[in-house]
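Single-letter residue listing:
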Amino acid sequence: MAEQSLKIDHARYVLTLDPRRRIIQDGAILVENGRISRVGKAAELQDARADRVIDGRHLVIVPGFFNGHMHISYAHPVRGVFPDEQASPLVHVFNLQSAMTEEEEYHTTLLGLVELVRNGTVCFLDPGSTKFPDACLQAYEDSGIRVILGECVTDQAAPWALPRYPAPEAVARTASFLAKWHGRLDGRIRAWAMPFSPETCSAELLQALKRLVDERRSGLTLHHNSGVKARQDSVARHGYSPTAYLESIGVVGPNVLLAHCLGLDEAEVDSIARTRTAVAMCPVTAAKSGRGVPEHGRMPELLARGVKIALGCDSPNNSNHLDIVRAMNMAAIQYKDARQDLRQVPAEAALEMATRHGAEALGLGDELGSIESGKKADLVCFDTLRPEWQALWNPVNNLVYSADGRSVHTVVIDGRVVVDAYRQTFVDEPRLYARVQEIGERLQVRTGIRFPRSRWPMS
Ligand SMILES: [Zn+2]
């Protein structure tokens, strides 16, 4: 894939996210065999030759972004159909998702991938939404992106159309999924166990899946919320808070990623920190769906305890976009407002979650997440020749507070340029857009899930 060497020369800033968090002005990066071989001042790398040299004078280079909770599949063709007050219409969501055909999922996945890579995401975790990974493999390969995949399983009744199997079958399916998918595409595909949630899975199933991923050196993710109602239900059912329950059955640890995590109490924060369990938070989803971040958000407490948090975008009908820069922005501003305290979630912490800490939360921190020699070459170059990047004194502030993914100029994954001066080359975008619009029309007709197109008269 990455037979060529690549040099980014005279970058205006390189935000390394290395252990010292160095920011290099007039920096250079040399990429060889898919890895970063050198990074430093342009003058120090003057002797470095490469097959291709990118002029970085107007670029800010950051490590590639991680999206730790991103349902790809059903939502793109019906993006924005739900009225605001139906912020989380899960019944419709799962009905739409289960109605998708293989061919439809391939195209909607392609659209998701285009949006992800063009906004600088180099790796995303799909929490078990994809029904036809075989059909989507070509799209993953063509886009060059890294993906953490799994099959959604449950073994308990749920109010939504979720895939449900007896526990032994759910475990067997997951085991064969891991065997089939883990490590494909030169390691860019990882396969994890993906039980939907503690409410829809028995303790036996969750424990068996945890044993499986421990053996296979893989990971496990599930939806995890606490808060008043979830805590009452959990105490009634298990005698524990939601997080204490997971700890009591051993479904915690560095290879467990809990998604959302709203409404944790102090003891739950302590449990997550003590067991070094990872967390994925979707700040835009939380705000847009009125989840009460001031009351229920614990990102500052988790950060203070050193918990590895990845940011997520959830889906095109939750946050409604797949732009981690906007998720960083929301993470950095929503807690300042919620706590009326400007020290909460600094811009630097938001950038760490999107890069270095996000990679660690997804179990990829040894190889990815920062710009250091020896790491895999996943880079995002932002174009500063745009109004929102001017004037430029503190590149972290410009990135988190002023920019969004639209200034992503060039993206490198595994040493391969997958977005080149704003262009990706793996799909014909206008044709794809028309196709996905058609799929959305067909899906709505087939499922009968229709909402008024607008509050305003549309003719
Ligand atoms: Zn989810």
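Computed from a prediction, not measured in an experiment: that's the story for all the values here.

**A closer look at the coordination of the zinc ion**
And then number 1: Listed as protein donors to the zinc ion are His69 (NE2), His71 (NE2) and His223 (NE2); their distances from the metal cover 2.0 Å.
And then number 2: Note on histidine 69: relative accessible area 0%, which makes it buried.

**Here we look at the packing of aromatic side chains**
And then number 1: All told, the structure shown has seven aromatic pairs when counted by the stated rule.
And then number 2: With a centroid separation of 5.3 Å and an interplanar angle of 85 degrees, the aromatic rings of phenylalanine 82 and phenylalanine 451 are classed as edge-to-face. Taken together, the positions of phenylalanine 82 in the loop between strand S6 (65-67) and helix H1 (90-99) and phenylalanine 451 in the segment after helix H16 (429-447) put the pair 369 residues apart, joining distant regions of the chain.
And then number 3: Given a relative accessible area of 17%, phenylalanine 451 falls into the buried group.
And then number 4: Between phenylalanine 94 and phenylalanine 196, the ring centres sit 5.6 Å apart and the planes meet at 80 degrees, which makes this aromatic pair edge-to-face. Of this pair, phenylalanine 94 sits in helix H1 while phenylalanine 196 sits in the loop between strand S11 (194-195) and helix H5 (203-216), placing them 102 residues apart in sequence. Exposure class is identical for phenylalanine 94 and phenylalanine 196. Each is buried.
And then number 5: Sitting above the plane of the tryptophan 181 ring, arginine 184 keeps its charged end 4.6 Å from the centroid.

**Some remarks on helix H6 (residues 227-238)**
And then number 1: Spanning twelve residues, H6 covers 16 Å between terminal C-alpha atoms, matching the ideal 16 Å at 1.5 Å per step.
And then number 2: Buried within H6 we find Gly227, Ala230 and Ser234. For H6, the buried positions fall inside an angular range of 45 degrees around the axis, keeping them on one side. For H6, the exposed residues set more than 90 degrees away from the buried face come down to Val228, Lys229, Gln232 and Ala236.
And then number 3: Against helix H7 (242-248) lie the buried residues of H6.
And then number 4: One or two positions beyond H6, positive phi appears at glycine 239, with a value near 85 degrees.

**Points about empty space enclosed by the protein**
And then number 1: Summed over all chains, the structure comprises two cavities of 30 Å³ or more.
And then number 2: Roughly 80 Å³ of internal volume is contained in the largest cavity.
And then number 3: As for the largest cavity, its lining consists of His260, Leu262, Met281, Cys282, Pro283, Thr285, Ala286, Arg291, Met299, Gln334 and Tyr335.
And then number 4: Secondary structure elements with two or more residues in the lining of the largest cavity: helix H9 (283-288) and helix H12 (324-339).

**Some remarks on the sheet that holds strand S10 (residues 189-191)**
And then number 1: Spatial ordering of the open sheet is given by S6-S7-S8-S10, a layout of four strands whose pairing is parallel. With partners counted over all chains shown, the strands left at the sheet margins are S6 and S10, one partner each. Here the strands of the sheet are splayed against their neighbours by 10 degrees on average, with no regard to which way each runs.
And then number 2: Relative to strand S8 (residues 146-149), strand S7 (residues 121-125) runs parallel, the two being bridged by three bridges. When the bridges of S8 are listed, phenylalanine 124 appears paired with valine 147.
And then number 3: Sheet contacts for H12: S6 and S7; angle to S6, the most-contacted strand, approximately 80 degrees.

Each value, and the rule that gives it
- Residues numbered from 1 in each chain as written.
- Predicted model: local features only at pLDDT ≥ 70, side-chain atom pairs only at ≥ 80, totals over all residues.
- Heavy atoms only, no water.
- Donors = N, O, S within 2.8 Å, 3.2 Å for Na, K, Ca; no water.
- Buried < 20%, exposed > 50% of the residue type's maximum accessible area, 1.4 Å probe, protein only.
- Phe/Tyr/Trp six-rings, centres within 6.5 Å; stacked < 30°, edge-to-face > 60°.
- Helix = DSSP H or I, 4+ residues; strand = E, 2+ residues; numbered from the N terminus.
- Lys NZ or Arg CZ within 6 Å of the ring centre and 35° of its normal.
- Expected span 1.5 Å × (residues − 1).
- Arc of directions from axis to C-beta.
- Contact = heavy atoms within 4.5 Å.
- 1 Å grid on protein atoms, 1.4 Å probe; cavity = no way out; pocket = protein on both sides within 12 Å on 5 of 7 lines; lining within 4 Å.
- Points joined across faces, edges and corners; volume = space filled by probe spheres on them.
- Pairing = 2+ DSSP bridges.
- Axes fitted to C-alpha atoms, helices over the stretch in contact; angles between N-to-C directions.

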